[in-house]
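If you want the building blocks of each chain, they are given just below.
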Amino acid sequence: MPNVNMLDLQGEYELIRDKIRAAVDGVLESQQFINGPAVKQLEQALAERVGVAHGIAMSSGTDALLCALMTLKISPGDEVILPSFTFFATAGVIARLGATPVFVDVDEATFNMDPLLIEKAITSHTRAIIVVHLFGQCADMAAINNVAGARDIKVVEDAAQAIDARYGDEPAGSLGDMACLSFYPTKNLGGFGEGGMILTNDESLAEVTRQLRNHGESSRYHHKRVGGNFRLDTMKAAILMVKLENLADFTRRRRDNAAAYDAALAESFVTPPVVMDKCSHVYHQYTIKTSRRDELREYLSRQGVGSGIYYPVPLHLQACFASLGYKPGSLPVTERLVNEVLSLPCHPMLSKDDVKHVIASILTMDQTCEQQDRLSTGCTEV
Ligand SMILES: Cc1ncc(COP(=O)(O)O)c(C=O)c1O
């Protein structure tokens, strides 16, 4: 019985070991650990790939989100709208600036924010919306941009999980005022350590972001504003340049895995992820829904199949946000999803046999349970 894990970073590394070592060696020989040429190369490569004017490499996806909000001057008294069904960083950065996170519910099918609920959550204090493209599928950006644009509210894309995803013809990262990527090692473009990037078409926002990344320095030792050290190391940028070469192929492999799951699971007791007509998904996670989630997770584990729950606790019910006054029942769809979602292995190193084993395991549990149901029904009838 094969063991099918959620990740195979070792396998991915082995494909490119020599190139990575050469890239690291190049940086070692240059001794330019900060702001070396690879940083600019990565910024240009990703800005071009996403079709925006500016890429600004950052120390992490979290710092990218924080710095984007700092650039937009989000401060105490401001409200920022976001989903509750996301990774903590999306909300944490709002609270760290003293602003108020305003959580809205998501669409049951796509797991992304519901534009109608965004509109209802807007007040005179709303300054920005952070739109998360969860699991690798873009949110309904046309509707969200309409809502925001009518009121001069800034839109920040949290594209940490969505590099190379598309909304119509437009790539994730080009759909709002600013966008944030993450290069956390498990991401679709995963680095060797922490990393991230801000993308924007706006020249003046880009200039402020570049200053904030470097302690707010406007010229050497002159500080117009207070920033931080949000720089990405040259070594990490050089490694990411190598990893970028495989991204399109890896995304294709993720999509093939997802297509095999979709076909095999369509009639089963689990609900495969729904992809909006306009969207092309990059399957950072392949996330199914089932009311028997915990039973399935345990069964898969006994079959040697890994799985993940993203996310088990909604952000509006986290202890650190208790003072915001949300209660169980405040965001019913999110609260149901946290009990029903399960992410299956979908990484690019899966073999066809691995995928078959995951599928067979799910269907076997289905059949085993049907048999049990039939037996127990028989018993009841007697
Ligand atoms: C949706 C989302 N936002 C933000 C982040 C934060 O990125 P990082 O871990 O690079 O700080 C992550 C990833 O971890 C994420 O998945």
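About the thresholds
Residues numbered from 1 in each chain as written. Predicted model: local features only at pLDDT ≥ 70, side-chain atom pairs only at ≥ 80, totals over all residues. Heavy atoms only, no water. Helix = DSSP H or I, 4+ residues; strand = E, 2+ residues; numbered from the N terminus. Contact = heavy atoms within 4.5 Å. Axes fitted to C-alpha atoms, helices over the stretch in contact; angles between N-to-C directions. Parallel < 35°, antiparallel > 145°, perpendicular 65-115°, else oblique. Left-handed = near helix turned anticlockwise from the far one by under 90°. Nonpolar A, V, L, I, M, F, W, Y, C, P; charged D, E, K, R; others polar. Buried < 20%, exposed > 50% of the residue type's maximum accessible area, 1.4 Å probe, protein only. Near = heavy atom within 4 Å. Polar contact = N/O pair within 3.5 Å; in protein donor to acceptor, adjacent residues only side chain to side chain. Areas by Shrake-Rupley, 256 points an atom, 1.4 Å probe, with all protein chains shown as cover. Domains from an automatic or database assignment. Salt bridge = Lys/Arg side-chain N within 4 Å of Asp/Glu carboxyl O.

### As for the side chain of Thr334
Next, step 1: For Thr334, the location among the structural elements is in helix α10 (residues 332-340).
Next, step 2: If we skip the residues at most four places from it in the chain, Thr334 touches Ser84, Phe85, Asp105, Val106, Pro314 and His316.

### Structural notes on the packing of helix α1 (residues 9-30) against helix α8 (residues 234-265)
Next, step 1: For the pair α1 and α8, the least separation of the axes is 8 Å and the interaxial angle reads 155 degrees. One finds that α1 runs roughly antiparallel with respect to α8. The handedness of the crossing between α1 and α8 comes out as right-handed. Of α8, the residues touching α1 (which contributes Glu12, Leu15, Ile16, Lys19, Ile20, Ala23, Val24, Val27 and Leu28) are Thr234, Met235, Ala238, Ile239, Val242, Lys243, Glu245, Asn246, Phe250 and Arg253.
Next, step 2: Considered class by class, the residues forming the contact of α1 with α8 number twelve nonpolar, two polar and five charged.

### Quick word on the environment of Asp256
Next, step 1: With respect to the helices and strands, the residue Asp256 is situated in helix α8.
Next, step 2: Judged by relative accessible area, Asp256 falls into the partly exposed class, the value being 43%.

### A few points about the site of the ligand
Next, step 1: Around the ligand, the surrounding shell holds 17 residues, and the nearest of these are Gly61, Thr62, Asp158, Ser182 and Lys187.
Next, step 2: In this structure, Thr62 approaches the ligand through a side-chain N or O atom, which is 2.5 Å from an oxygen atom.
Next, step 3: In this structure, an oxygen atom belonging to the ligand sits 2.9 Å away from a side-chain N or O atom of Gln161.
Next, step 4: Surface burial for the ligand is 94%, taken as the share of its 380 Å² of free accessible area covered by protein chains.
Next, step 5: Per-element tally for the shell around the ligand: the top contributor is helix α3 (residues 61-71), with three residues.
Next, step 6: When its residues are assigned to classes, the shell around the ligand shows seven nonpolar, eight polar and two charged.

### Some remarks on the domain arrangement of the protein
Next, step 1: Each domain of the protein was delimited in the assignment, giving domain 1 (9-241) and domain 2 (246-370).
Next, step 2: Here the C-alpha centre of domain 2 lies 24 Å away from the C-alpha centre of domain 1.
Next, step 3: With 44 residues of domain 1 at the interface, the matching set in domain 2 holds 40 residues.
Next, step 4: Run the count over domain 1 and domain 2 and you get two salt bridges.
Next, step 5: Ionic pairing is found between Arg336 and Glu108, a salt bridge with its closest N-O pair at 2.4 Å.
Next, step 6: Between domain 1 and domain 2 we count 19 residue pairs in polar contact (both at pLDDT 80 or more) in total.

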